[in-house]
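Geometric and topological summary
This is what each chain is made of:
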Amino acid sequence: MRRSIRALVAAGLFLTGSVAVVVAAGPAQADVRICEQFGSTTIQGRYVVQNNRWGSSAEQCINVTDNGFSIVSQQGSAATNGAPLSYPSVFLGCHYTNCSPGTNLPLQVSQISSATSSINYAYTGGTYNASYDIWLDPTPRRDGVNQVEIMIWFNRQGPIQPIGSVVGNATVGGRTWEVWRGSNGSNNVISYVAPSAISSWSFSVLDFINDTRNRGMITNSWYLTSIQAGFEPWNGGVGLGVNSFSAAVNQGTPPTTPNTSPPVTTPPPGGSGACRVAYTANSWNNGFTGSVTVTNTGSGTINGWTLGFTLPSGQQITNAWNATVSQSGSSVTARNASYNGTLAPGANTSFGFQGTHGGTNQAPTGWTLNGAACTT
């Protein structure tokens, strides 16, 4: 939910009142102080540190070192049922035309072989979250608002909560998270909230991207545009800091996970059985993604499934995952992949697709599994 219209200022020193403000384009030296609203500088010749005081006109100053930053002045206060004051952060990639030196982002998810990061936070009093942001978009966007924001809440203090509502729990990166989904009106947001504060962690950014993709919010054709780590303060926050930050995104063929499930070759007709379908969609402009979960509510095992449904007029599927999907007019047929064709009683499987729509994105109708009607 950050909308940081960055002020691009040439490197140099200028005065605002009695406060010295530095906005540098080159590598930062230790103890650089930034108070300018969208002022930024670079560290290690690789990352950008930004003040990013997007939600308030009150003073906020950060002290930048060669390894990170800390908040040294915070004069604002915001209602906890609304937006935070700011998002001071350090990032790799591109944010509102401000790109970190030598970055290879934006990069298509399908072209990322690995994406790793390490973070060490310093905590203090106040109302805030320690937020690690991963931004993705259907296009290689270097400016403006991205379509999907992944937020990892390393710490939460005070009566604040993520955008949207809780949709369940997930294990990602070997840790358990409470998962929230919603929209701030400009982009879709998925938040992973830690049950207790995490001060330091090294992890794979791809783990969170893959989980978001499996939920149907993005596809492998989308672009990773930036990786950011910092704080969203509502009240207080002086002393909050990023002691160290690193991130690396490598281009190449993504690693494949060996399929340990028994292969289903030429599966026999699965029988009608009883079924239930859950469908969710995320829309933007004239595009959308759809996520489908099929549950076997019958008493017998389904061996091999074909799901049929009808798309509203104007919708066209462009790609899919976890199923083979074909479309003729408004009629769509989705067939199981080799690894998800068997559904025991009570079991379910999910697949997704990306498509275009003519301006109104309504849900499909007429769901059938192996020829039998499903409930929704």
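Okay, so let's go over this structure. (Residues numbered from 1 in each chain as written. Predicted model: local features only at pLDDT ≥ 70, side-chain atom pairs only at ≥ 80, totals over all residues. Heavy atoms only, no water.)

1. Description of the sheet that holds strand E21 (residues 287–296)
Filter applied, for reference: A pair of strands is treated as paired once DSSP finds two or more bridges between them. A helix here means a DSSP run of H or I that spans at least four residues, while a strand means a run of E at least two residues long, and both kinds are numbered starting from the N terminus. Fitted lines through C-alpha atoms give the axes, limited to the stretch in contact for helices. The angle between two N-to-C directions lies from 0 to 180 degrees.
As summarised here, the arrangement of the four strands in space is E20-E21-E28-E24, forming an open sheet in which the pairing is antiparallel. Both edges of this open sheet fall to strand E20 (275–284) and strand E24 (316–321), since each of them pairs with a single strand only. Along the sheet, successive strands turn relative to each other by an average axial angle of 25°, direction set aside. Two strands pair when backbone bridges link them, and E24 and strand E28 (residues 348–356) are joined in this way by five bridges, in the antiparallel orientation.

2. Details of the nonpolar core
The cut-off we apply is this: Residue types Ala, Val, Leu, Ile, Met, Phe, Trp, Tyr and Cys, when buried and joined through side-chain atoms within 4.5 Å, form a set referred to as a nonpolar core. Any residue under 20% of the maximum accessible area for its type is buried, any over 50% is exposed, and the rest in between are partly exposed; the area is computed with a 1.4 Å probe on protein chains only. Residue contacts follow a heavy-atom distance rule, with two residues in contact if any of their heavy atoms lie within 4.5 Å.
Membership of the largest hydrophobic core comes to 54 residues, with the highest contact counts inside it found for Tyr 132, Ile 134, Leu 136, Phe 154, Phe 208, Ile 209 and Phe 245. Excluding its chain neighbours within four sequence positions, the residues that come into contact with Ile 209 are Val 109, Ile 134, Leu 136, Ile 150, Ile 218 and Leu 224. Judged by nonpolar contacts, the second largest core, of 21 residues, contains Val 277, Phe 309, Ala 323 and Leu 369.

3. Here we look at the environment of Pro 345
Relative to the helices and strands, Pro 345 is located in the loop between strand E27 (342–343) and E28. You can call Pro 345 partly exposed: its relative accessible area is 43%. Expressed as a C-alpha distance, the spacing of Pro 345 and Ser 299, which sit 46 residues apart in the sequence, is 5.3 Å. Once residues lying within four places of it in the same chain are set aside, the contact partners of Pro 345 are Asn 296, Gly 298, Ser 299, Gly 300 and Thr 301.

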